[in-house]
Each structure stands twice: as C-alpha cells, then as structure tokens.
Amino acid sequence: MYGLLGHPLSHSLSPQVHALLAETLGIPMDYRLFDTGPQQLENVVPRLLQLDGFNITIPYKQKIIPWLARLDRTAADYQSVNTVKPSAEGPVGYNTDCLGFLRALETTKGLREVYIIGAAGGVGRMFSLEMARLGANVTLGVRPSSWEAAERLAAEIRSRYGVRAAAVSPEQAPGQEFDLLINASPVGMYPKTEGCPVSDALIDACRSVFDCIYNPKKTLLIRRAEALHKPTRGGMRMLIWQAAAAQEIWLDVSFSEQQVSLVEEKMAQML
C-alpha cells in the first residue's frame, strides 16, 4: 500500500498515474490520497510511516523531514522530500522531482538566463539549484512574504555555483530577456484555474515557458504563452517521470521511455 500526503489533494492525478505505471509492470498497486490539514499532520504521519512507501506534495515537502531517519543525496541537496521508503534504519527521504523536471524539459542546452516564480518553496528551490548547477543565471520572482527566503537562496546559489542569482518582485519590469520562465508556484492550479503568476510583459521577455502544474493540462500561464507564440511545456510529463522514479525506489524496478510515453498518452485521454 502506498499513498500521497498533501493539502489540498482534490486535484491530484497521482493515483491514476501510479496505477498506470504499475500496470505497465504487471503489478497491482493500492495508492491512496491522504489529504491532511496542518493541524492533522502529527496524527497522520505515523500512519503513513506504516505504508510500503509514500509521496509528499505541497505544503509538506520540507515539513516531513523531522520524521525521517535520513535523507538520500537527492533530498539532502534540495532539502525537499517527495518520496519516502521504509528501511531497516527507519524511513528514508528521496527527491524524484529533479529527474521528472529534467526529463520533461528534454534538453537544457542554451539555458543561460532563467526566471523562476515561487522559488521559496521546496520544488522552486530544486528548480533554482538545478538550473544554477547547469550553469544558468537565476532570477527569483517572489512576493514580499518570501523575500528573505529568496535572498538566502540567491546567496546560496552564488556561493555554490558561481553564477548570478537575485531576488526580484514579479511586478518589476524584466529589463532583460530570459531563455526560460519556470512556474514553481501553485498559481493557476485547479480549482483556481484563472490565476496567472506573471504579466504578459514578463512572458513576452522569455523564449520558452515551463509550468510545473499538470491540472489543468493548460494553465492560464501556458495559454497566454502560446498566444505570444512561445514554446511551452506543462507539468504532466514531469509528474509521470517523478512517479516512475518513486516506484523504481519502492519496487527496485526500471521504467523505459516507451512505458512513460504510454502512460502520458493514457493520461491525456483522461483530461
């Protein structure tokens, strides 16, 4: 038995994705949603730790860490956990978002200037550090409530990778062009689908757009970017690859590009 911890989860497609992935392996999987409010977290986590494994999504990717025996390198690098597996030493935290993100992008060649919305969260931190690791300069678009966290992240990026990194307000005029705009925030996610985290002016200043949201299939950000003739990618392929990587950890199996593409086709038919 497996599951997903997060809140809210009414939009989640994870049970369908995991079931389809397991189906390609010929393995049945019981995967359940654990929609948990902040006040319920301490009561729910001990139940999750009795499962064969579980995933974590917003807003608990960092808050789950104190319950874990240790972090795999993937989770330690980003201080963000989206997958937990029991072990003899206790529960171990992993992060498979990075693999899903890179597979969804398909290529990272030519990325020199990247603008990231929502960088103060766990997945935004992962996007930011990964882009910097690949040599891109990073601009962090954040609201006032996240300003201090974003400035600390920018300083960490400059120290670790020697690239330019700075925090700015999303309302601030771009003043330059970017190779890629990444939305790591929940703005535009179901059910509040008419939200867009940035202005058309910022979208127009970017060569391409990646939105980590997968429900709806096309967010308002993606629709606006397409109207401006920008190449776009949504979050579905990232979702599937990170789920596949989680099952590889839990089940000691391996997924092929063909298997993931088959699941992506079936998910597209559901939406």
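In what follows, the structure referred to is the one given above.
Position numbers for residues start from 1 in each chain and track the written sequence from start to end. Totals for whole chains, interfaces and linings use all residues, but because this is a predicted model, local features are given only for residues with pLDDT of at least 70 and pairs of side-chain atoms are given and counted only at 80 or more. Excluding hydrogens and water, the side-chain values take into account all heavy atoms of the structure.

Caption draft 1: Up close: the pairing of strand β8 (residues 137-141). Counted residue by residue, β8 has five buried out of five residues, so it is predominantly covered. Burial here depends on accessible area, computed with a 1.4 Å probe over protein chains only, as a share of the maximum for the residue type. Under 20% is buried, over 50% is exposed, and the range in between is partly exposed. Helix and strand assignments come from DSSP, with helices taken as H or I runs of at least 4 residues and strands as E runs of at least 2, each series counted from the N terminus. Side chains Asn137, Thr139 and Gly141 of β8 all project onto a buried face; the interleaved residues Val138 and Leu140 project onto the opposite face, where all are buried too. Seen with the strands pointing away from the viewer, any crossover whose path from the first strand over the helix to the second strand runs clockwise is right-handed. A crossover links strand β7 (residues 113-117) with its parallel partner β8, the connecting element being helix α5 (residues 122-133), and its sense is right-handed. Strands qualify as paired when DSSP identifies two bridges or more between them. In this sheet, strand β9 (residues 165-168) lies alongside β8 in parallel orientation, the contact comprising four bridges. Residue pairing in the sheet places Gly141 in a bridge with Val168 of β9. Between β8 and its parallel partner β9, the chain crosses via helix α6 (residues 147-161), and the hand of that crossover is right-handed.

Caption draft 2: Main features of the sheet that holds strand β3 (residues 53-56). Taking strand neighbours across the sheet as the criterion, the six strands line up as β2-β1-β3-β5-β6-β4 in an open arrangement whose pairing is mixed. Looking along the sheet, the strands with just one partner apiece sit at the ends: β2 (31-35) and β4 (70-71). What makes two residues a contact is simply this: any of their non-hydrogen atoms within 4.5 Å. Here the axes come from fitting lines to C-alpha atoms, over the contacting stretch only for helices, and the angles between their N-to-C directions go from 0 to 180 degrees. Docked against the sheet, helix α2 (residues 41-48) engages β1 (2-6), β2 and β3, running at close to 160° with respect to β1. Relative to the sheet, helix α9 (residues 236-251) contacts β1, β2, β3, β5 (83-85) and β6 (92-94), its axis offset from that of β5 by approximately 5°.

Caption draft 3: Fine view of the packing of aromatic side chains. Note on ring pairs: Phe, Tyr and Trp rings are taken, using the six-membered ring of Trp, and paired if centres are within 6.5 Å. Classes follow the plane angle, with under 30 degrees stacked, over 60 edge-to-face and the rest tilted. One pass over the structure, following the stated rule, counts five aromatic pairs. With a centroid separation of 4.3 Å and 50° between ring planes, the pair formed by Phe101 and Phe127 is classed as tilted. Here Phe101 is found in helix α4 (residues 97-105), whereas its partner Phe127 is found in helix α5, with 26 residues between them in sequence. A residue is classified by how much of its surface remains accessible, and Phe101, at 0% relative accessible area, is buried.

Caption draft 4: Examining the side chain of His11 more closely. Within the fold, His11 resides in the loop between β1 and α1 (14-25). Overall, His11 belongs to the buried group, its relative accessible area being 10%. Setting aside its immediate chain neighbours within four residues, His11 contacts Met189, Tyr190, Tyr214 and Asn215.

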